[in-house]
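Close look at the chain arrangement
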Amino acid sequence: NDVLSFKTEFGRVSNLILRQAGGGKYYAVDISQGRLELEDCDITSQSNVCVVIQDKADPHLRRNRILNGKVGIFIHTNGKGTLEDNEISGSTYSGVQITKGSEPILRRNRIYKGKGAGIAVVNKGKGTLEDNDIYANATYGVAVKEGGSPTLLRNRITQNVWYGIYICDKGSGVFTDNDLRNNNRGAWDIDDSSKDNVTRSGNIEE
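Let's talk about the sheet that holds strand E23 (residues 173–176)
Strands sit in the order E2-E5-E8-E11-E14-E17-E20-E23-E25 across an open sheet of 9 strands; the sheet is parallel. One side of each edge strand has no neighbouring strand; the edge strands of this open sheet are strand E2 (10–14) and strand E25 (198–201). Recorded for the sheet is a direction-independent mean angle of 5° between the axes of neighbouring strands. Here 3 bridges tie strand E11 (residues 82–84) to strand E14 (residues 105–107), and the two strands are oriented parallel to one another. Paired with Glu84 across the strands is Arg107, a residue of E14.

Digging into the packing of aromatic side chains
Across all of its chains, the model carries 4 aromatic pairs by this definition. Between the aromatic rings of Tyr140 and Trp162, the centroid separation amounts to 5.2 Å while the plane-to-plane angle is 80°, which identifies the pairing as edge-to-face. Residue Tyr140 is located in the loop between strand E18 (133–135) and strand E19 (142–144), and its partner Trp162 is located in the loop between strand E21 (156–158) and strand E22 (163–167); the two are separated by 22 residues in the primary sequence. Where Tyr140 meets Tyr166, the ring centres are 4.4 Å apart and the plane angle is 10°; that geometry is what we call stacked. Residue Tyr140 is located in the loop between E18 and E19, and its partner Tyr166 is located in strand E22; the two are separated by 26 residues in the primary sequence. The exposure class of Tyr140 is buried, given its relative accessible area of 12%. In this structure an aromatic cluster arises from ring pairing among Tyr140, Trp162 and Tyr166. In this structure, Arg200 is placed above the aromatic ring of Trp188, and the distance from its NZ or CZ to the ring centre is 4.6 Å.

Here we look at the pattern of salt bridges
The tally for this structure, following the rule as stated, stands at 19 salt bridges. The residue Arg19 makes a salt bridge to Asp42 at a minimum N-O spacing of 3.5 Å. One end of the pair, Arg19, is in strand E3 (residues 17–20); the other, Asp42, is in strand E6 (residues 42–45), with 23 residues separating them in the sequence. Judged by its relative accessible area of 16%, Asp42 falls in the buried class. For Glu84, the salt bridge is made with Arg107, and the minimal N-O distance between the two is 3.0 Å. One end of the pair, Glu84, is in strand E11; the other, Arg107, is in strand E14, and 23 residues separate them in sequence. Since its relative accessible area comes to 15%, Glu84 is described here as buried.

Section: the sheet that holds E18
Within the open sheet, the 7 strands sit side by side as E3-E6-E9-E12-E15-E18-E21. Their pairing is parallel. Whereas interior strands pair on both sides, the edge strands pair on one side only; in this sheet they are E3 and E21. Going across the sheet, the axis of each strand differs from the next one's by a mean of 5°, ignoring polarity. Bridging between E18 and E21 involves 3 bridges; their strand directions are parallel. Residue pairing in the sheet places Ile134 in a bridge with Ile157 of E21.

As for the environment of Gly22
Structurally, Gly22 is set in the loop between E3 and strand E4 (29–31). Separated by 25 residues in the primary sequence, Gly22 and Ser47 have C-alpha atoms spaced 4.4 Å apart. With sequence-adjacent residues up to four places away left out, Gly22 is seen in contact with Gln46 and Ser47.

Some thoughts on the nonpolar core
Judged by nonpolar contacts, the single largest core of 41 residues is most densely connected at Ile43, Val51 and Ile73. If you tally residues by element for this core, the top one is strand E24 (residues 186–190), at 3 residues. Here Ile43 is in contact with Leu18, Ala28, Val29, Leu38, Cys50, Val51, Asn64, Arg65, Ile66 and Leu67, once residues within four sequence places are set aside. Judged by nonpolar contacts, the second largest core, of 5 residues, contains Ala117, Tyr140, Ala143 and Tyr166.

Scoring rules and cut-offs
- In this convention, every chain numbers its residues from 1, walking through the sequence in written order.
- Residue-level local features of this predicted model are given only where pLDDT is at least 70; pairs of side-chain atoms are given and counted only at 80 or more, and the full residue set underlies all totals for whole chains, interfaces and linings.
- Think of the side-chain values as coming from all heavy atoms in the structure, minus any hydrogens and water.
- The pairing criterion for strands is at least two bridges between them, as found by DSSP.
- Per the convention used, a helix needs a DSSP run of H or I reaching at least four residues, while a strand needs a run of E reaching at least two, with both numbered from the N terminus.
- Geometry is summarised by axes, namely lines fitted to C-alpha atoms with helices restricted to the contacting stretch, and by angles between N-to-C directions that run from 0 to 180 degrees.
- Stacked, tilted and edge-to-face are the three classes assigned to paired rings of Phe, Tyr and Trp, where Trp is represented by its six-membered ring and a pair needs centres within 6.5 Å; plane angles under 30 degrees give stacked, over 60 edge-to-face, the rest tilted.
- Note on exposure labels: buried denotes an accessible area under 20% of the residue type's maximum, exposed denotes more than 50%, and partly exposed covers the range between, all computed with a 1.4 Å probe on protein chains only.
- Any Lys NZ or Arg CZ found within 6 Å of a ring centre and within 35 degrees of that ring's normal is scored as a charge over the ring.
- Salt bridges are counted wherever a side-chain nitrogen of Lys or Arg sits within 4 Å of a carboxyl oxygen of Asp or Glu.
- Note on contacts: a residue pair qualifies if any of its non-hydrogen atoms lie within 4.5 Å across the two residues.
- Throughout this description, the term nonpolar core refers to a set of buried Ala, Val, Leu, Ile, Met, Phe, Trp, Tyr and Cys residues connected via side-chain atoms within 4.5 Å.

Structural measurements only, silent on function.
The following block contains the structure:
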């Protein structure tokens, strides 16, 4: 089952190994209420997502190692949260997925070597991404789709197999002072439905 299910106003969990061992569509950590401080943990899931944040929950995740889930951190249905200094790698679909009106803050995380995108902002997801390292993912560094609208500031989005940033299906956002060099296919891939919705300034490109 889920290793940790958090449904209360406030709590703190630190310095644990949390391993979901498979056998169903379960999570390592399910945060559906309140403000959990989750720090310095080693988190994996063999069956589904490593960490889920949902239903307006507003946790703080700091310095965790989040490895090898279908998605590293899945934030949906108006989820919030502040994610700082985490290491997220080896995810099947995306390291972080933000969807359905969710609006987290991500700072100084390392998101790398996923089998899909580093970060996916989809289905009217939002969020602020600052000073993250997003690299060596098998498709895009950041994918914005289906009305997603993030703000990206000073991120290093490099060495991804496809483009640094992909925006389609009426995606939008503000992209400022990001390093987008050394992605295999280039810095940007923006479709016609999204071009007028994107604000770009000060980014370093090929």
